[in-house]
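Inside the fold
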Amino acid sequence: MMNKLTLILRHLWLDASDAERVIPPDVLTRVTQRVAASERRHSGEIRICVEASLPLSYLARVGSLSPLPKAIRERAIAMFGKLGVWDTAQNNGVLIYVLLAEHAIEIVADRGLNTHVTPEQWKALVVQMGKAFREKRYEDGLTHGLEETSAVLMQHFALTPGQAFDNVNELPDAPQLQ
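Residues numbered from 1 in each chain as written. Predicted model: local features only at pLDDT ≥ 70, side-chain atom pairs only at ≥ 80, totals over all residues. Heavy atoms only, no water.

**Some details on the packing of aromatic side chains**
Counted by the stated rule, this structure contains 1 aromatic pair. With 5.2 Å between their ring centres and 35 degrees between their planes, phenylalanine 133 and tyrosine 138 make a pair best called tilted. Its relative accessible area of 9% is what places phenylalanine 133 among the buried residues. Look at tyrosine 138 and you get buried, because its relative accessible area is 14%. The cationic tip of arginine 61 hangs over the ring face of tyrosine 58; the distance from NZ or CZ to the ring centre is 4.5 Å. (Phe/Tyr/Trp six-rings, centres within 6.5 Å; stacked < 30°, edge-to-face > 60°. Buried < 20%, exposed > 50% of the residue type's maximum accessible area, 1.4 Å probe, protein only. Lys NZ or Arg CZ within 6 Å of the ring centre and 35° of its normal.)

Put into C-alpha cells, the structure is as follows:
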C-alpha cells in the first residue's frame, strides 16, 4: 500500500510547470524548429509530448493487475491518439512520449512506419535518450531522438525535390508540454 501511496504522491507533486522547467521556451523553440526542418525531408509527422505526471485515472489502475510500465505505455498510446498522430495520410506518424515523474520514454509509431522498424530499434533509441535525460540534458536527448526518428523516416519515406514543395505539415511541430 505504501508503494502505491508513494507513487500517487510523486505524480501529484509534479505538474505542467515542471515540464516547462525542463523544456524552457528557448529549448521549446529550438526543438520546434528541428521538428519542422526534419519534416521537410520526409512525409512522416513527428510529435513530442513531455508530460510531468500521469493522470490519477492511470495511477488508480496500477497494481498487481496492471504494472506501471503498462500504464505508461497505455498513456503514450492514448496521447498518440489524442494528439492526432495516428491520423496522417501515410500512417507514418511517430510520438516521442516522455513522462518526467517516472523518467520514462515511449516511442509510438503508426502502422505504416512500424512495418519497417523493429521494437528493438525503438528500444535502442529510448536507451540513448534516457542516458541524456539522466544527465539532465533534455534538449540533447530530444534532439537525438528526433534525429534518429528522422533518419528512419528518411530511409523509408524520403521526399523527392518535387514532393518537398507539396508536402503538407499535418500536425503541429511544437512539443506538447503538460
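After presenting the structure, the write-up continues.
**Looking at the pairing of strand 2 (residues 93-99)**
Across the 7 residues of strand 2, 7 count as buried, placing the element largely inside the fold. In strand 2, alternate side chains face the same way, and those of Gly93, Leu95, Tyr97 and Leu99 on one face and Val94, Ile96 and Val98 on the other are all buried. Alignment of strand 2 against strand 3 (residues 104-109), held across 6 bridges, turns out to be antiparallel. Directly across from leucine 99, in strand 3, lies its bridge partner alanine 104. Hairpin remark: strand 2 followed by strand 3, antiparallel, with 4 residues in the connecting loop; positive phi at histidine 103, about 50 degrees. (Helix = DSSP H or I, 4+ residues; strand = E, 2+ residues; numbered from the N terminus. Pairing = 2+ DSSP bridges.)

**Examining the side chain of glutamate 39**
If you trace the backbone, glutamate 39 turns up in helix 3 (residues 25-39). Here glutamate 39 occupies a buried position and makes no salt bridge, while the nearest side chain of opposite charge, arginine 47, is found at 7.2 Å. At 2.7 Å, the side chain of glutamate 39 and the backbone nitrogen of isoleucine 46 are in polar contact. The residues touching glutamate 39, leaving out its near neighbours within four places in the chain, are Gly44, Glu45, Ile46, Leu159, Asn167, Asn169 and Asp173. (Lys, Arg positive; Asp, Glu negative; His and termini not counted. Salt bridge = Lys/Arg side-chain N within 4 Å of Asp/Glu carboxyl O. Polar contact = N/O pair within 3.5 Å; in protein donor to acceptor, adjacent residues only side chain to side chain. Contact = heavy atoms within 4.5 Å.)

**Some thoughts on the sheet that holds strand 4 (residues 176-177)**
Within the open sheet, the 4 strands sit side by side as 3-2-1-4. Their pairing is mixed. Strand pairing shows two members of the sheet lacking a second neighbour, strand 3 and strand 4, which therefore form its edges. As judged from the 7 bridges shared by strand 1 (residues 45-51) and strand 2, these two strands associate in the parallel manner. By the bridge assignment, isoleucine 48 is partnered in strand 2 with isoleucine 96. Of the strands in this sheet, strand 1 and strand 4 touch helix 3, which is tilted by about 160 degrees from strand 1. Most of the contacts of helix 8 (residues 138-157) go to strand 2, to which it runs at about 160 degrees, and overall it touches strand 1 and strand 2. (Axes fitted to C-alpha atoms, helices over the stretch in contact; angles between N-to-C directions.)

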